[in-house]
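Observations on chain architecture
The chain contents come next:
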Amino acid sequence: MARVRRRLEKLKLSTLYSFALCAKGSTEDHSKIGTAGFSRVVYVNDPDRHEEEGFRYPRNEVSTTKYSLVTFVPKSLFEQFRRVANFYFLVSGILTLTPLAPYSAVSALLPLSVVITATMLKEGVEDWRRKQQDIELNNRIVKVHRGNGSFEETKWKYIKIGDVIKVEKDNFFPADLILLSSNYPDGICYVETMNLDGETNLKIKQALEVTSDLQEDGDFTNLRQIIKCEDPNANLYSFVGTMDYKGMRHPLSPQQLLLRDSKLRNTDYIYGAVIFTGHDTKVMQNATEPPSKRSKIEKKMDYIIYLLLCSLLGIALLGSVFFGIWTKADLRNGELKRWYLRPDDSTVFYDPKRAPLASFCHLLTALMLYNYFIPISLYISIEMVKILQAVFINQDIDMYDEESDKPTHARTSNLNEELGQVDTILSDKTGTLTCNMMEFIKCSIAGTAYGQSVTEVEKAMALRKGVPLGDEIEAGGHKEKQIEESPHVKGFNLKDPRIMDGNWIHEPNKDVIRDFFRLLAICHTCIPEVDETDKVSYEAESPDEAAFVIAARELGFEFYKRTQTSIVIRERDPNQNVADYQYRKYELLNVLEFSSSRRRMSVIVKEPEPEGRILLFSKGADSVMFTRLAPDGRKFEEETKRHINEYSDSGLRTLVLAYRVLDEKEYENFAEKFRTAKISGSADRDEQIGEAADSIERDLILLGATAVEDKLQKGVPECIDKLAQAGIKIWVLTGDKMETAINIGFACSLLRQGMTQIIIALEAPDIIALEKNGDKDSIAKASKQSVMGQIEDGIKQVPTLGQSSTESFALIIDGKSLTYALEDDVKFKFLDLAVKCASVICCRSSPKQKALVTRLVKHSDKVTLAIGDGANDVGMLQEADIGVGISGVEGMQAVMASDIAIAQFRFLERLLLVHGHWCYRRISVMVYSYVWTSNQLSKFNYYVDILFLMQICYFFYKNVTFGVTIFLYEAFASFSGKPAYNDWFLSLYNVFFTSLPVIALGVFDQDVSSRLCLQYPELYQEGVQNVLFSWRRILGWMFNGVVNAILIFFFCTTALKDQAFRQDGQVAGLDALGATMYTCVVWVVNCQMALSVNYFTIIQHIFIWGSITVWYIFLMVYGAIDPKYSKTAYMVFIEQLGPQRYHIGW
């Protein structure tokens, strides 16, 4: 490796066109420096001067926490009391401090304090974890210049503006820096920006020429510079600044800017000057809070709370009206009706003379008394359940990817139940459905197709046509037996004995084949690294580039060495049985780099003697390359085009390879033209360079074409098939052209045999004719009309909801058409068509279009899930109801923006059909049961998707049952405001005696096993249709809760009425009646919980029967305490268990 480093250090890469582009000046207007927005001044190597000059720059310490030590309590309390239920309990608790309270203030405020404290502790723990991550980041070490050429190790948080720092290989940049120099003579360095934009390919940065000679630590002893630049902003791809150094002012561009959180690669070290620190850095300027997502069930839960509040207010008003009427009637014409209440000598609360005021006071008392309709522990219990559900998702071994050592990670637990209601999945293709690991699998050389490997798409096409793929496959017009399996080489999967192992020498066009392989080995920007065993590995800007050089190596043309002016190829002699290498050294003259506008890449080299020819090797897209062929260079054009179409039909990515021989005079003219353009300072400098390159890339001779496969991830077709059986619609948003996307769709089961395809594309002859004329307005108008017409025709094909049809439809639309389909007056027609189709494929989609399509689908009021792996998918993930990031090879940007991270697309099947199904049902029953009881329990075993909703239902069920018994007793007692239960009975009902069973249900209950969930994916539709969490079912649970409460109340009062309860003949009092009713309620709601459980575990048994047992233990212990504290609970347990007393009286 040291030898590789020494070799790379000798490179003077700026002599090459590709790398010379790094040194070009910025086209931005540097006259803005010093004006508003461009006012930053940095004194390099003199950080203390900034404070002397009055500049106040932030420290490099960053914080991503939600709270600080000072703000935690007030901010967290504000967050808690934003919830309507918590705010209601706070107001109610404050009112208990007044004489109006029907129970003690402690018994009301203590449970609220427990709930709020527990929730705050949860928030605090989560924030403390973020704090720990910040501490680890801020305490990383980097070398900082401390004078006299000495660099000392310093923590990141102590870095200041103006510091000169030294960053070594494979370390992150601690702040935004201006690159001063590197271990390469030209100041070149390689940067990985995966944390910023999700891209794993390396970016090349280059220092200014005036600072690139600062190679040693001692060179910085007397360094003084002044950098003036733009103020902090979030734009990652632009930078405007100047550097005053040695009396000269030099423009700075993004090519000198190294951003925080990017990593130094393939470079031993760099020196840089700090210009932005801490929250001023561009990565922190881009750090926005992810959108707040709440599940639809949670939103509906708020409406249920409002409904209960309205019910509470209604019965409180009703009781207050009756109380006022009866109180006023207590004293009429001086006669006392209820003399035992002493209405002639009462307080304002019972004064018949001030009945309206007494009624109002009673209203306040009733609002406090009936607050048990609202489940105080609902929110914290649901949060606990969701966290535990997320833990189980994270720990699921069936969603762990052993190859990448990555488990599934639920980054938020707020959306667990949404996983059981997904109607539409919007997916990226490359890296999501496919591996984003390119393999060289086929090629066309001199009109002959090589490569016998079968792609996933070909397998799907053969299956679709009913043609089995046997051991013999056709290649090049004749049948060949498949060759023996050889050890797999990453990036190379070409199987063809005609050109493997040097057999290409026997082919009729062996010279063309040799030039084809040499082009693969030379025409690229890869960097070779040779280890101690002389084995070569490559650093490439893209997976395609790596696949090409690996293919060349495996075929005997190994890219071995790159210097500042040469490329060395190690060629294996095909005529020798043993490995006999010949080293060919090509003089490297220019590299004309690939760009999205050029769609091709070229290199100009000079062959070694004796040939000594100047060659231009070029590769690019077929649409560009075929138009640049010379008349005598089109010998194999028709065959090559046919092979390219076949490769595209097989889902492969293709490039055309061609070359030409340049005479010295022609090259000298080009070199002079290029040199003039390069040193030009005009605004159209880049256009001049492009024109120079374009002038030489003509009259090419066709060699052939390459075909690389981006393989489908393991299990993708099976996963998509299961999701389709579950009734989930799947949309694929890809940048591929339509033919490739369609064939990939068949390979991954997105498109199926017999499915009717509705294709929307702008390929009509009149549109093409307008495009040739170039009238933009006419093109746009005609294109929009064409798209609208095709959409309307598609709507006519698809049956309406009222019509029955066994036919399934797939919608396929290209990028141009999608632009018009997303316009305001067209998009809802497009949505109407798309939602009626089982599959949708959007081709040539931009990142913005992906986000807009996702936003549009959300208008259908169905739960959407977006899944992607790259930075270009972030907008789509954040727009969707649920964002799933795949932790693949394109970095972590998508994962960081997601709600759930998985390693492989196939894990989506288990995530939705199993965990989503369970979570949905658990939570639904949990909340229903918090409010009311159900006489439709037999149906719950049928509704198999609503586990999350079950949990919510139970919460409301138990509170309605409990609250109605309080109301009935108050009506029984003439709405006196006296509670039926002891203060602590009221307070602990939701906290200890009924909450744990529902938490156990929310975590452990299963209506069916995971095996059956996967075996019968149709079960998932119950969640999509939201069968159980409907207002009809909610009101049904409430009604049954009321019925339960009525039965309990009248059973208890009837059983104890007119019966001698004590030895002296006294009947049962409030204490006995309250304890009896409370015991019945605890038994009923816990037994209701037991009936709702589908899958009993030991924990559920402990929680259900343990809650009942705890009630009896509490009643006995609490009743044994001094009556000053236990009040109506004093000895009531022992008294009621005692023998029945009989009293005969007359």
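Residues numbered from 1 in each chain as written. Predicted model: local features only at pLDDT ≥ 70, side-chain atom pairs only at ≥ 80, totals over all residues. Heavy atoms only, no water.

Structural notes on the overall build of the chain
Put simply, the test is: By the criteria applied, helices consist of DSSP H or I runs no shorter than four residues and strands consist of E runs no shorter than two, each listed in order from the N terminus. Using a 1.4 Å probe on the protein chains alone, a residue whose accessible area is under 20% of its type maximum counts as buried, one over 50% counts as exposed, and one in between counts as partly exposed. We call two residues in contact when some of their heavy atoms are within 4.5 Å.
Along the chain, the regular secondary structure elements total 39 helices and 37 strands. Looking at the chain as a whole, 55% of its 1146 residues are labelled buried. Taking as baseline every contact in the chain between residues at least 6 positions apart, the subset at least 24 positions apart corresponds to 74%.

Observations regarding the pairing of strand 2 (residues 141-145)
We apply this condition: Between any two strands, at least two bridges found by DSSP are needed for them to pair.
Here strand 2 pairs with strand 3 (residues 151-155) via five bridges, running antiparallel. Counted as the bridge partner of histidine 145 is phenylalanine 151 from strand 3. Taking the residues between adjacent antiparallel strands as the criterion, strand 2 and strand 3 are bridged by five residues, where glycine 147 takes a positive phi near 100 degrees. Summarising the sheet, strand 2 and strand 4 (residues 164-168) pair through two bridges and their orientation is antiparallel. Bridge pairing in strand 4 places lysine 143 opposite lysine 166.

So, the sheet that holds strand 9 (residues 241-245)
Inclusion rule: Orientation is described by axes fitted as lines to C-alpha atoms, over the contacting stretch for helices, and by angles from 0 to 180 degrees between their N-to-C directions.
With antiparallel pairing, four strands are arranged side by side in an open sheet as 1-8-9-10. Each of the sheet's edge strands pairs with one partner strand only, and the pair in question is strand 1 (40-44) and strand 10 (248-252). Taking the axes of each pair of neighbouring strands and ignoring which way they run, one obtains an average angle of 20 degrees across the sheet. Pairing of strand 9 with strand 10, which is carried by five bridges, proceeds in the antiparallel orientation. Across the sheet, aspartate 244 pairs through a bridge with arginine 249, a residue of strand 10.

Overview of the side chain of serine 817
In this structure, serine 817 sits in helix 23 (residues 815-821). The exposure class assigned to serine 817 is buried, which follows from its relative accessible area of 0%. Beyond its immediate stretch of four places on either side in the chain, serine 817 contacts Ile760, Ala761, Leu762 and Val787.

Section: the pattern of salt bridges
Operational definition: Between Lys or Arg on one side and Asp or Glu on the other, a salt bridge is scored when a side-chain nitrogen of the former is within 4 Å of a carboxyl oxygen of the latter.
Scanning the model with the defined rule gives 44 salt bridges in all. The salt bridge involving aspartate 280 is made with arginine 40; its shortest N-O contact spans 3.1 Å. Highlighted residues: aspartate 280 in the loop between strand 13 (269-276) and helix 8 (282-285) and arginine 40 in strand 1, separated in sequence by 240 residues. The buried category is assigned to arginine 40, whose relative accessible area is 5%. A salt bridge links lysine 827 to aspartate 824, with the nearest nitrogen and oxygen atoms 3.5 Å apart. Salt bridges sharing partners connect three or more residues here, namely Arg518, Glu571, Arg584, Glu607, Glu611 and Arg613.

Structural notes on the environment of leucine 312
Its place among the elements puts leucine 312 in helix 9 (residues 296-329). On the accessibility criterion, leucine 312 (1% relative accessible area) is buried. In this structure the C-alpha to C-alpha distance between leucine 312 and leucine 369, which are 57 residues apart in sequence, comes to 9.6 Å. Setting aside chain neighbours within four positions, we find leucine 312 in contact with Tyr88, Leu367, Tyr370, Asn371, Phe373 and Ile374.

Description of the UniProt feature "binding site: Mg(2+)" (unreviewed entry) in the chain
Condition: UniProt positions are given in the numbering used here, feature names are shortened, and annotations may be inferred rather than shown by experiment. Any pair of nitrogen or oxygen atoms within 3.5 Å is treated as a polar contact; in protein, a donor-acceptor pairing is required on top of that, and neighbouring residues in sequence qualify only through side-chain atoms on both sides.
UniProt marks Asp428, Thr430, Asp869 and Asp873 with the feature "binding site: Mg(2+)" (unreviewed entry), using the numbering shown here. For this annotated set, covering 446 residues, all C-alpha atoms fall within 10.8 Å of each other, a compact arrangement in space. Structurally, aspartate 428 is set in the loop between strand 17 (422-427) and strand 18 (434-445). Setting aside chain neighbours within four positions, we find aspartate 428 in contact with Leu433, Leu733, Lys850, Ile867, Gly868, Asp869, Asp873 and Met876. Looking at aspartate 428, its side chain comes within polar contact range of the side chain of threonine 432, at 3.4 Å. Judged by its relative accessible area of 0%, aspartate 873 is buried. Other than its neighbours up to four places away in sequence, aspartate 873 contacts Asp428, Lys850 and Gly868.

So, the packing of helix 31 (residues 983-993) against helix 36 (residues 1070-1092)
Heads up, the rule is: Oblique is the label for any angle not under 35 degrees, not over 145, and not in the 65 to 115 range, which are roughly parallel, roughly antiparallel and roughly perpendicular in turn. Crossings are sorted by hand: turned counterclockwise from the far helix by less than a right angle, the near helix makes the crossing left-handed, and turned clockwise it makes it right-handed. We call Asp, Glu, Lys and Arg charged. Ala, Val, Leu, Ile, Met, Phe, Trp, Tyr, Cys and Pro are nonpolar, and the rest, Gly among them, are polar.
Two numbers describe how helix 31 lies on helix 36: the axes approach to 12 Å, and their chain directions differ by 20 degrees. Taken as axis vectors, helix 31 and helix 36 run roughly parallel relative to one another. Of the two elements, helix 31 crosses helix 36, and the hand of that crossing is right-handed. Residues Phe985, Leu988, Tyr989 and Phe993 of helix 31 form the contact with helix 36, whose own contacting residues are Ala1075, Tyr1078, Val1081, Val1082, Val1085 and Asn1086. Across the contact of helix 31 with helix 36, the residue classes tally to nine nonpolar, one polar and no charged.

Observations regarding the packing of aromatic side chains
For any pair of aromatic rings, geometry is given as the distance between the ring centres together with the angle between the planes. The condition is simple: Stacked, edge-to-face and tilted labels apply to pairs of Phe, Tyr and Trp rings (six-membered ring for Trp) whose centres lie within 6.5 Å, assigned for plane angles under 30 degrees, over 60, and everything in between, in that order. We call a charge positioned over a ring when the NZ of a Lys or the CZ of an Arg lies within 6 Å of the ring centre and within 35 degrees of the ring normal.
Tallying each qualifying case throughout the model produces 39 aromatic pairs. Note on phenylalanine 440 and phenylalanine 548: the rings are 6.4 Å apart at their centroids and 80 degrees apart in plane angle, and the pair reads as edge-to-face. On the criterion of sequence distance, the pair formed by phenylalanine 440 in strand 18 and phenylalanine 548 in helix 14 (residues 543-554) is long-range, its members being 108 residues apart. An aromatic cluster is built from Phe962, Tyr981, Phe985, Tyr989, Phe993, Tyr1078, Trp1111, Phe1114 and Tyr1118, whose rings are joined through pairwise contacts. It is arginine 49 that lies over the ring of tyrosine 43; its NZ or CZ is 3.9 Å from the centre.

Re the nonpolar core
Put simply, the rule is: Only buried residues count toward a nonpolar core, which is a set of Ala, Val, Leu, Ile, Met, Phe, Trp, Tyr and Cys residues joined through side-chain atoms within 4.5 Å.
Counting residues in each nonpolar core, the largest one holds 80 residues, and the members touching the most others are Tyr370, Ile374, Phe962, Tyr981 and Tyr1078. In terms of residue count, helix 30 (residues 951-972) provides more of this core than any other element does, 10 residues in total. Discounting chain neighbours no more than four positions away, the residues touching tyrosine 1078 are Phe962, Tyr981, Phe985, Leu988, Tyr989, Phe993 and Trp1111.

What about the environment of tyrosine 581?
Residue placement: tyrosine 581 occurs in strand 26 (residues 581-592). Residue classification places tyrosine 581 among the partly exposed positions, given a relative accessible area of 37%. Counting along the chain gives 12 residues from tyrosine 581 to isoleucine 569, while the straight-line C-alpha distance between them is 9.6 Å. The residues contacting tyrosine 581, other than those within four sequence positions of it, are Arg570, Glu571 and Arg572.

A closer look at the sheet that holds strand 6 (residues 188-192)
Each strand in a sheet pairs with its neighbour through backbone hydrogen bonds, running either in the same direction (parallel) or in the opposite one (antiparallel). Ordered by their spatial adjacency, three strands build an open sheet running 7-6-12, and the pairing between neighbours is antiparallel. Edge strands, defined here as strands with exactly one partner in the open sheet, are strand 7 (202-206) and strand 12 (263-265). Shown here is a sheet whose adjacent strand axes are inclined to one another by a mean of 45 degrees, direction ignored. Pairing of strand 6 with strand 12 involves three bridges; the strand directions are antiparallel.

Focus on the pairing of strand 33 (residues 809-813)
Counting buried positions along strand 33 yields five of five residues, so the element is predominantly enclosed. Alternating residues of strand 33 divide into Phe809, Leu811 and Ile813 and Ala810 and Ile812, and every residue in both groups is buried. As paired elements, strand 32 (residues 756-760) and strand 33 share five bridges and run parallel to each other. Among the inter-strand pairings, isoleucine 758 is bridged to a residue of strand 33, identified as leucine 811.

Some words on helix 36
Applicable threshold: The span you would expect from a helix comes to 1.5 Å times its residue count less one.
Under the 1.5 Å per step criterion, the end-to-end length of helix 36 is 33 Å for 23 residues, consistent within 8% with the ideal 33 Å. Of all 23 residues in helix 36, 17 are buried; the element is thus mostly enclosed.

Considering the side chain of histidine 50
In this fold, histidine 50 is placed in helix 3 (residues 49-52). Taking relative accessible area as the criterion, histidine 50 reaches 4% and is therefore assigned buried. Polar side-chain contacts of histidine 50 include one of 2.9 Å to the backbone oxygen of proline 47. Histidine 50 has contacts with Val41, Val42, Tyr43, Phe55, Tyr57, Ile161 and Gly162, leaving out every residue within four places of it along the chain.

Here's the deal with the packing of helix 4 (residues 72-81) against helix 6 (residues 105-138)
Interhelical geometry of helix 4 versus helix 6 gives an angle of 120 degrees and a closest axis separation of 10 Å. Taken together, the axes of helix 4 and helix 6 lie oblique to each other. For helix 4 against helix 6, the interelement crossing comes out right-handed. Here Phe72, Val73, Ser76, Leu77, Gln80 and Phe81 of helix 4 come into contact with helix 6, specifically with Ile116, Thr119, Met120, Glu123 and Gly124. When grouped by side-chain class, the residues that make up the contact of helix 4 with helix 6 number six nonpolar, four polar and one charged.

Description of unusual backbone geometry
In this structure, the amide linkage connecting glutamate 609 to the following residue, proline 610, adopts the cis form with an omega of 15 degrees. One non-glycine residue, aspartate 501, adopts positive backbone phi at about 55 degrees. Summarising the element assignment, aspartate 501 is placed in the loop between strand 21 (478-481) and helix 13 (510-522). By relative accessible area, which is 67% here, aspartate 501 ends up exposed. With a phi angle near 55 degrees, lysine 1127 is a residue other than glycine that sits in the positive phi range. Relative to the helices and strands, lysine 1127 is located in the loop between helix 38 (1123-1126) and helix 39 (1132-1137).

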